[in-house]
Structures are given as structure tokens and as C-alpha cells.
Amino acid sequence: MYGFSTQLKVPFDTAVAKVTEALQKEGFGVLTDIDVKATLKAKLNVERRPYRILGACNPPLAHRALEVDPDVGLLLPCNVVVREEADGTITVVFMDPEAVLQLVDKPEVHALGKEVRTLLRRVCASLKA
């Protein structure tokens, strides 16, 4: 599997704020925030439930990965999807960096993937609390 998730029973904007705050507590900033709902409406005139892709980055860990392999930037940042389901619950899905970084043929990058996965799992668990 390439991700892990949790569900929240809060309004969508509250969920995005909670995810952003939880990421910050583990040293991640949100570098990108893609509003898929707004983009599809503007480009295709398609209606859909709220759906955002947050590009989360932990600068010290990203720096370490880039020092080992400059091309690893192709796999950064760690995406976190926040989406509203038909029943109104919010699903938060985290990219599994351990799985994704297996694409890189360097043990040091694999170790970093495990480290980042541990941090993102803590973020996920904190949202359930």
C-alpha cells in the first residue's frame, strides 16, 4: 500500500486546519495546497465535494534526502489528501514515504523513508485523539 488514513467528523475547513497544525507539531510545513474542487470547477466546470492535496515537507529530513540523491526531489513533498465523503465525514490520507522512497536505490534514502513514515503516522494518530 502507498498510504494510510484516518477519518474525522468535523467540518472540512476545520479538518484542513487540524491536519496543518498536527503536521507542524512534527516539524512539517505545508509547501503546497492544491484545491482540487476549485481547479476542476474552473477548468472543467465539474462539481465535486471538497478535496485538497497538501504538500507536507520536513526541511531537515528533505535536506538529508537531497544530499544523498538530488533527484529524490521528484518524490517530494509528502502529499496529504483531505477529502469530504458523501456522508460528510472527512478522510485524511497520508502518502507512505517508506513505500514511495523504495523507488530510490539507496539504503540511506530508505532509512529516511522509515523515519518520515514514523512522523506522519504520529500525525495521523494525533488526529484520531
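Residues numbered from 1 in each chain as written. Predicted model: local features only at pLDDT ≥ 70, side-chain atom pairs only at ≥ 80, totals over all residues. Heavy atoms only, no water.

Participant: Could you clarify how one ought to interpret the packing of aromatic side chains in this entry?
Facilitator: Geometrically, a pair of aromatic rings is defined through the distance of the ring centres and the angle of the planes. Per the counting criterion, the structure on display carries 1 aromatic pair. Here Phe4 and Phe94 contribute two aromatic rings whose centre-to-centre distance is 5.5 Å and whose plane-to-plane angle is 15°, an arrangement assigned as stacked. Remark: Phe94 occurs in strand S5 (residues 90–95) and Phe4 occurs in strand S1 (residues 3–8); sequence separation between them is 90 residues. The class of Phe4 is buried, set by a relative accessible area of 5%. In this structure Phe94 comes out as buried when scored by relative accessible area, which is 0%. The side chain of Arg121 reaches across the aromatic face of Phe4, ending 4.1 Å from its centre. (Phe/Tyr/Trp six-rings, centres within 6.5 Å; stacked < 30°, edge-to-face > 60°. Helix = DSSP H or I, 4+ residues; strand = E, 2+ residues; numbered from the N terminus. Buried < 20%, exposed > 50% of the residue type's maximum accessible area, 1.4 Å probe, protein only. Lys NZ or Arg CZ within 6 Å of the ring centre and 35° of its normal.)

Participant: In this structure, what is going on with helix H1 (residues 12–25)? I would like to understand it.
Facilitator: Each α-helix winds once per 3.6 residues, and so residues spaced three or four apart point in a common direction. For H1, with 14 residues, the first-to-last C-alpha span of 20 Å sits near the 20 Å given by 1.5 Å per residue. Looking at H1, one finds that the buried residues are Phe12, Ala15, Val16, Val19, Ala22 and Leu23. Looking straight down H1, one finds its buried side chains confined to an arc of 130°; they lie on one side. Turned more than 90 degrees off the buried face of H1, the exposed positions are Asp13, Gln24 and Lys25. Within two residues after H1, Gly27 carries a phi angle of roughly 90°, on the positive side. (Expected span 1.5 Å × (residues − 1). Arc of directions from axis to C-beta.)

Participant: What exactly am I supposed to notice about the nonpolar core here?
Facilitator: Grouped burial of nonpolar side chains is what soluble globular proteins tend to show. Ranked by size, the top nonpolar core spans 32 residues in total, and within it Val19, Leu23, Val80, Val82, Val92, Phe94 and Leu120 carry the most contacts. Residue assignment for this core shows that the elements contributing at least two residues are S1, H1, strand S3 (51–57), helix H3 (59–68), strand S4 (78–84), S5 and helix H5 (107–128). (Core = buried A, V, L, I, M, F, W, Y, C linked by side-chain atoms within 4.5 Å.)

Participant: Got a minute to help me understand empty space enclosed by the protein in this structure?
Facilitator: Any empty space left between atoms is shown by rolling a water-sized probe over those atoms. Under the counting rule described, the total for this entry stands at 1 cavity of 30 Å³ or more. For the largest cavity, the lining is made up of 16 residues, of which Leu61, Ala62, Leu76, Cys78 and Val116 are closest to its centre. Contributions of two or more residues to the lining of the largest cavity are made by S3, H3 and H5. When grouped by side-chain class, the residues that make up the lining of the largest cavity number 15 nonpolar, 1 polar and no charged. (1 Å grid on protein atoms, 1.4 Å probe; cavity = no way out; pocket = protein on both sides within 12 Å on 5 of 7 lines; lining within 4 Å. Points joined across faces, edges and corners; volume = space filled by probe spheres on them. Nonpolar A, V, L, I, M, F, W, Y, C, P; charged D, E, K, R; others polar.)

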